[in-house]
Amino acid sequence: MRTFDISPVERSMQRAIQAKIDNLNKPKGSLGRLEELALQVCLVQQTMTPSVARRCHLLLGGDHGIEREGVSLSPREVTWQQMLNFTRGGGGVNMFCRQHGFHLRIVDVGVDHDFAGAEGIVDRKIRRGTRNFLHEAAMTPAELEQAIGVGAALADDCHAEGCHVLCIGEMGIGNTSPSSIWMHLFGRIPLEECIGAGAGLGNEGIAHKRQVLRQAVERFQREVPQASVEDIIRGFGGYEMAAAIGAMLRAAEHRMLVLVDGFIMTACAIAAIRLCPAVQDYMVFTHVGDESGHRRMLGIVGARPLLSLGLRLGEGTGALCAFPIVDSAVRMMNEMNNFDNARITKYF
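Numbering of residues starts from 1 in each chain and follows the order in which that chain's sequence is written. Local features in this predicted model are restricted to residues of pLDDT 70 or higher, and side-chain atom pairs are both shown and tallied only at a pLDDT of 80 or more, whereas totals for entire chains, interfaces and linings draw on every residue. For the side-chain quantities, the full set of heavy atoms in the structure was used; hydrogens and water were omitted.

Student: Residue-level account of the packing of aromatic side chains, with values.
Tutor: Aromatic rings from Phe, Tyr and Trp, taking only the six-membered ring of Trp, are treated as a pair when their centres fall within 6.5 Å; an angle between ring planes under 30 degrees marks them as stacked, one over 60 as edge-to-face, and anything in between as tilted. With the rule as written, the count across this model stands at four aromatic pairs. Measuring from centroid to centroid gives 5.1 Å for phenylalanine 133 and phenylalanine 236, while their planes differ by 75°, and the two rings are edge-to-face. One end of the pair, phenylalanine 133, is in the loop between strand S3 (121-123) and helix H5 (141-160); the other, phenylalanine 236, is in helix H8 (residues 229-236), and 103 residues separate them in sequence. The exposure class of phenylalanine 133 is buried, given its relative accessible area of 1%. Members of the aromatic cluster, each reached through a chain of ring pairs, are Phe133, Phe220 and Phe236. Charges are assigned to positions over rings by a cutoff of 6 Å between ring centre and Lys NZ or Arg CZ, combined with an angular limit of 35 degrees from the ring normal. Arginine 55 extends its terminal NZ or CZ atom over the ring of phenylalanine 102, reaching a point 5.9 Å from the ring centre. What counts as a helix is a DSSP run of H or I of at least four residues, what counts as a strand is a run of E of at least two, and both are numbered from the N terminus. The classification of residues rests on relative accessible area computed with a 1.4 Å probe and restricted to protein chains. Under 20% of the type maximum is buried, over 50% is exposed, and intermediate values are partly exposed.

Shown next, in the form of structure tokens:
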């Protein structure tokens, strides 16, 4: 699989950045997480005057073979129906992108539908849905490589437009199932504790989902006893999820800030971190969602989410909702006066 040249953020400026933060006309540390975010953005961009003026959102669509096993309340056709809805501006992701000034790209990476003639959808289709991982790997090595490359190329396009902040969301019925398995295998958390209601399963549906995923993991572990990170990704992941991993890794190469959304995108972030640990320096984990296990998933990489609003829509909507907090941190660095200029006694 392709490699990415990602270095941990250079920290030689850290003392100077922190001194600027501490000298703003406020009690030291009084803006809490905003100060931590400001430091992170400055280090990512290697500047004392950061910017988040240009921002892009990737909405990646793909279907999952495991959906055929009845692990989701929503039927498969909802994926393509929602993708078309997004082109008409009617989704939650559209609303938040408009509100916060994100350039939205709607990308078909593996939806089980022919979008020929549909305007507004970028065609990067690899296959009409992954294979059913209850019986075989979800994708081939070549397909994994292709999906990672799709995401990387999309991040390249955003970077070419001068993008400072990349946000990523997903549309794919059934994608909480691979995310739960990644949580289990990457985090070594009991599988039953990683599986939730997804789009709204009841107790009986959750029990069925647990049984199916347990059987899938058992088959995988028999067939691939010494599994690599790549084996786990391609064994269970969706094309849209692999593309998200590629986008995260390439965005970090370009020193872009990556806003990580909810359960599915956190699973992708963890996979990206397992491939290249330095990528975490460039990530902001934006919220803890209402999907069972998301808080524990965040704990795998020690992430502290900015928001807790009970969200579980996906599409990147939680990350978009959190963007104004990042914007406030940047405005703090660029617009607040310091003690000297404000002629205020520095009392600490």
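Student: Before we move on, could you go through unusual backbone geometry and cite the residues and values that matter?
Tutor: Note on backbone geometry: most residues besides glycine have negative phi, and most peptide bonds are trans. For glutamine 46, which is not glycine, the phi dihedral falls at a positive 55°. A residue is classified by how much of its surface remains accessible, and glutamine 46, at 26% relative accessible area, is partly exposed. For arginine 255, which is not glycine, the phi dihedral falls at a positive 60°. Here arginine 255 shows up in the loop between helix H9 (239-253) and strand S5 (257-260). Exposure remark for arginine 255: the relative accessible area of 30% places this residue in the partly exposed category.

Student: If you had to explain helix H6 (residues 176-187) to someone new, which residues and values would you point to?
Tutor: Under the convention used throughout, the expected extent of a helix is 1.5 Å for every residue step, that is, one less than its residue count. The first and last C-alpha atoms of H6 sit 16 Å apart over twelve residues, in line with the 16 Å expected at 1.5 Å per residue. Most of H6 sits out of view: eleven of its twelve residues are buried. For H6, the full list of buried residues reads Thr176, Ser177, Pro178, Ser179, Ser180, Ile181, Trp182, Met183, His184, Leu185 and Phe186. Contacts between residues were defined by any pair of non-hydrogen atoms, one from each residue, lying within 4.5 Å. On its buried face, H6 is in contact with helix H7 (203-223), H8, H9, helix H10 (263-275) and helix H11 (294-300).

Student: Any chance you could break down the side chain of arginine 219 for me, citing the residues and the numbers?
Tutor: Tracing the backbone through its elements, the reader meets arginine 219 in helix H7. Of the polar contacts made by the side chain of arginine 219, one reaches the backbone oxygen of leucine 134; its length is 3.3 Å. What arginine 219 contacts, discounting residues up to four positions off in sequence, is Phe133, Leu134, His135, Glu136 and Ala137. Polar contact is the term for a pair of N or O atoms within 3.5 Å; when the atoms are in protein, one must be able to donate a hydrogen and the other to accept it, and sequence-neighboring residues count only if both atoms are side-chain atoms.

Student: Talk me through the pattern of salt bridges; I want residue IDs and the actual numbers.
Tutor: Working definition: two side chains of opposite charge can pair if their charged atoms are close together. Criterion for a salt bridge: a side-chain nitrogen of Lys or Arg within 4 Å of a carboxyl oxygen of Asp or Glu. On inspection of all chains with the given rule, the structure shows 19 salt bridges. Arginine 68 is the partner of aspartate 112 in a salt bridge, and the nearest nitrogen-oxygen pair spans 3.6 Å. In this pair, aspartate 112 sits in the loop between strand S2 (103-110) and S3 while arginine 68 sits in the loop between strand S1 (55-62) and helix H3 (77-87), placing the two residues 44 residues apart along the sequence. Salt-bridge contacts for lysine 125 lead to aspartate 108; the nearest nitrogen and oxygen are separated by 2.6 Å. On the criterion of sequence distance, the pair formed by lysine 125 in the loop between S3 and H5 and aspartate 108 in strand S2 is long-range, its members being 17 residues apart. Overall, lysine 125 belongs to the partly exposed group, its relative accessible area being 27%. Taking the relative accessible area as the measure of exposure, aspartate 108 reaches 2% and is therefore buried.

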